[in-house]
Amino acid sequence: MKILLVYPYFIDNRMDEEDISAIPMGLFSIAAVLRDSGYAVEILNAYNLGRSPHRIYQILGERRPDVVGFSILHANRWGGIDIARMVKKVNPATRVVFGGVGATFLWEHFLTHFPEIDYVVRGEGEVSFLELIRFLETAGDPPPAHIDGLAFRQAGKPIKTRDRRPLADLDQLPMAADYFSFQHVALSRGCPSNCTFCGSPAFWHRRVRFHSADYFVTQLQRLRERGVSFVFVSDDTFTLQRDRVIEICRLILKRRIEIAWAAISRVDCVDAEMLKWMRRAGCTQISYGVESGSQKIRDLYRKRIDDTDICRAFDLTHRTGIMARAYFIYGAPGESDRTIDESLALIERIRPLAAIFYILDLFPGTALYEAHKQRTGTSDEIWLNRIEDILYFETDETLSQQQVLDFGRRLREGFFSQLSRFAREIELVDDPELYPFHADFLSRLALTFSHGDYANNPLIKETLVTAVALFERALRYHPDHRAFWGLGLVYQHQCRFEASIDILEKGIRHHQSSVDLHMALAHSLMRLNRFQEARQRLEGFGDHPQAVEQLVHCCRLMADQTAAQTWAQRLSRLTGRVP
């Protein structure tokens, strides 16, 4: 039996594809369970195929799956429905299974209105999906009423089986990194909080289960062996169990796993010692759900934190050399110019180095959505419309679209206009053990201002000045490779080629085998017509395509056509192309 697991596309465009491009962790976990049980399974990331139905038909025709499972996050449900219809056109006998958060909360809606959907896996999906596959392989009739966690049609009517009891021991699951490469991992499932905008309380029933530290770190180790150097730890709150987090960090250091990672936490679930362990073990960013500067709105969200918690967490995180990112939600019930002013005042106090601002959405499975249905008499039939979500302000006559858009504009302008100052005024703990990590932190941040997202944001001022200050400060802590390289590139951009040569030569004294430093130095030398010196710098990297390409250019500038042709031939052997 051939199984295809699909992550469908979204119907609305995104400013940043990173928001939707990553396959959900659960799909990899289900695929690993199937592979571990001997089934042929493939994963299709179709997030970018919304305008390429011909490509989807081609894939379905080539792979001819017997079962197609879909990961439905709600906002991509129409992509799932579209592809399910294509599946049935290619082969009506193929079974279509929906699963995930969106399918769990709308199982009856899907089975009532969309005949192309045969089954829905509700809740945690690994065991339910595996049992369904085994049933489809050997039987087919009658419907699998004995399998917990399913929904399907019986006598034309949607029915569900008993809820599946959650796995007691998550370590029993096969390790997805044995079969796949990915960048999103999780230590736990569930969240004890009860935020009204979030579906986690209803999906996981506020129960939290954890992998062991050994399982989690072994997964990181295997991903690193596959070439993954950065991961996102996507738990709702990674730092819920302090001792477990420290044990994880100790194991990462003991096994010498060189991997960087970002996590999500709550402002009332961190302390200085734990943050130091996290930083030493590779953590570069923590995202905190601040949501609003108004305590009244945070109470409406049932976000049980106060300004003291928030300020303390951001201060501790930044002092440790970890970027603290803030999530804000605007357009809530009772949102006003005054509450936005409170959010802006809080931003000034906590000085986040990254911030994400969302308009409040209503999704099935959340308390706010249930309250909306009771208040307005709306039913799940609203999702027959080809929409991804419901914006709260559309349901509240006291809020207009223009007003909410202005709220978002004020928040973004208020944050980005001060970001350069926030970055230059960072206070770091004076701990010699953390000096190399401080240098890494500052140089990463500097590169964002010189070459990354912040460099091209018109709302951020003095980006290069900020980058130079951060690179130079990084080097006062430690001879950081990225700081030498980044500073050399900024000086090039400013046409300060002598300064660029000086800083890059200093960097090479610390990092003699760095091809990036040598190539940057060669570029500055060539800009000053010092071609022979540039050529000598590059000739030691004859196996590096970019260095060889630069060598070809250098030799041509020297009018040494014989050498240029020799290096061009070498480049052709390395890359299959000729400059």
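Before reading on, note that the structure itself is shown above.
Procedures and definitions
- All chains use their own residue numbering, which begins from 1 and follows the written sequence.
- pLDDT decides what is reported in this predicted model: residues at 70 or higher carry local features, side-chain atom pairs at 80 or more are listed and counted, and totals for whole chains, interfaces and linings draw on all residues regardless.
- Calculation of side-chain values draws on the structure's entire complement of heavy atoms; hydrogens and water are dropped beforehand.
- Secondary structure elements are taken from DSSP: a helix is a run of H or I of four residues or more, a strand is a run of E of two residues or more, and numbering for both begins at the N terminus.
- Every radius of gyration here is taken over C-alpha atoms, with the globule rule written as 2.2 Å times N^0.38, N being the number of residues.
- To sort residues, take the accessible area from a 1.4 Å probe on protein chains only and compare it with the maximum for the residue type: under 20% means buried, over 50% means exposed, and anything in between is partly exposed.
- Any carboxyl oxygen of Asp or Glu that lies within 4 Å of a side-chain nitrogen of Lys or Arg is treated as forming a salt bridge with it.
- Working definition: rings of Phe, Tyr and Trp (its six-membered ring) pair if their centres are within 6.5 Å, and the pair is stacked with planes under 30 degrees apart, edge-to-face with planes over 60 apart, and tilted otherwise.
- Criterion for a charge above a ring: Arg CZ or Lys NZ at most 6 Å from the ring centre, at most 35 degrees from the ring normal.
- Orientation is described by axes fitted as lines to C-alpha atoms, over the contacting stretch for helices, and by angles from 0 to 180 degrees between their N-to-C directions.
- Geometric relationships in this document are graded by angle, where less than 35 degrees denotes roughly parallel, more than 145 denotes roughly antiparallel, 65 to 115 denotes roughly perpendicular, and other angles denote oblique.
- By definition, turning the near helix anticlockwise from the far helix through less than a right angle yields a left-handed crossing, and turning it clockwise yields a right-handed one.
- For this analysis, residues touch if any pair of their heavy atoms sits within 4.5 Å.
- Gly is placed with the polar residues, together with every amino acid not listed as nonpolar (Ala, Val, Leu, Ile, Met, Phe, Trp, Tyr, Cys and Pro) or charged (Asp, Glu, Lys and Arg).
- Two strands pair under a simple rule: DSSP has to find at least two bridges between them.
- Patch building starts from residues that exceed 30% relative accessible area and form no salt bridge, then joins like charges within 9 Å and nonpolar side chains (Val, Leu, Ile, Met, Phe, Trp, Tyr) within 5 Å.
- To measure how exposed things are, a 1.4 Å probe is used in the Shrake-Rupley method; for residues, cover is taken only from the protein chains shown.
- Residues scored as positive are Lys and Arg, those scored as negative are Asp and Glu, and His as well as the terminal groups of each chain are ignored.
- All charge positions are set by atom: Lys at NZ, Arg at CZ, Asp at CG, Glu at CD.

A. How the structure looks around the overall build of the chain. In terms of regular secondary structure, the chain is built from 23 helices and 17 strands. Against the 2.2 N^0.38 benchmark of 25 Å for 579 residues, the chain shows a C-alpha radius of gyration of 27 Å, consistent with a compact globule. With the principal axes as the frame, the chain shows a C-alpha extent of 85 × 60 × 45 Å. Buried positions account for 54% of the 579 residues belonging to the chain.

B. Broad picture of the pattern of salt bridges. All chains considered together, the criterion is met by 46 salt bridges. Put simply, E124 and R189 hold a salt bridge, and the shortest N to O gap is 2.7 Å. Of the two residues, E124 is situated in the loop between β5 (119-121) and α6 (126-138) and R189 in strand β9 (residues 188-189); the sequence distance between them amounts to 65 residues. For E124, a relative accessible area of 13% puts it in the buried group. The class for R189 is buried, based on a relative accessible area of 15%. Across the salt bridge formed by K373 and D380, the nearest N and O atoms sit 3.4 Å from each other.

C. Up close: unusual backbone geometry. One non-glycine residue, R64, lies in the positive phi region at around 45°. As for its position among the elements, R64 is in the loop between α2 (53-63) and β3 (67-71). We note that R256 has phi near 55°; this positive angle belongs to a residue other than glycine. Mapped onto the secondary structure, R256 falls in the loop between α9 (242-254) and β12 (260-265).

D. Structural view of the packing of aromatic side chains. Enumeration over the complete set of coordinates arrives at 24 aromatic pairs. For the ring pair F70 and F98, a centre distance of 5.2 Å and an interplane angle of 55° mean the geometry is tilted. Within this pair, whereas F70 is found in strand β3, its partner F98 is found in strand β4 (residues 95-99), the two being separated by 28 residues in sequence. Residues F70 and F98 agree in their burial class; the two are buried. Centroid distance F105 to F203: 6.3 Å. Interplanar angle 75°. Geometry classified as edge-to-face. Of this pair, F105 sits in helix α4 (residues 101-105) while F203 sits in helix α7 (residues 200-204), placing them 98 residues apart in sequence. Joined through ring pairs, the aromatic side chains of F328, F357, F415, F416, F449 and Y454 make up one cluster. Between R280 and the ring centre of W277, over which it is positioned, the NZ or CZ distance is 5.0 Å.

E. Summary view of the packing of helix α20 (residues 515-527) against helix α22 (residues 545-557). Two elements in contact, α20 and α22, have axes separated by 11 Å at closest approach and are oriented at 15°. Relative to α22, the element α20 lies roughly parallel. Considering the relative orientation of α20 and α22, their crossing is left-handed. Here V515, M519, A522, H523 and M526 of α20 come into contact with α22, specifically with Q546, A547, Q550, H553, C554 and L557. Here the residues of the contact of α20 with α22 are counted per class, giving seven nonpolar, four polar and no charged.

F. Structural context of the packing of helix α19 (residues 497-510) against α20. One can describe the packing of α19 onto α20 by two numbers: an axis separation of 9 Å at closest approach and a directional angle of 155°. In terms of orientation, α19 lies roughly antiparallel with respect to α20. Crossing of α19 over α20 shows left-handed handedness. Each of F497, S500, I501, L504, E505, G507 and I508 in α19 lies in contact with α20, whose residues at this interface are L517, H518, A520, L521, S524, L525 and R527.

G. Fine view of the sheet that holds strand β7 (residues 157-160). Read from one edge to the other, the open sheet built from seven strands follows the order β2-β1-β3-β4-β5-β6-β7, with strand pairing classed as mixed. Both edges of this open sheet fall to β2 (40-45) and β7, since each of them pairs with a single strand only. Each strand axis lies, on average, 25° off the axis of its neighbour in the sheet, ignoring direction. Bridge count for β5 against strand β6 (residues 150-154) is two bridges, and the pairing is antiparallel.

H. Region of the structure containing a negative patch on the surface. Residues D16, E17, E18, D19 and D453 make up a contiguous surface patch of negative charge. Following the sequence through the fold, D16 ends up in the loop between β1 (2-7) and α1 (25-36).

I. A look at the environment of H481. Here H481 shows up in helix α18 (residues 481-493). Residues H481 and Q219 lie 262 residues apart in sequence; the distance between their C-alpha atoms is 28 Å. In this view, H481 contacts H511, S514, D516 and L517; residues no more than four positions away in its chain are not counted.

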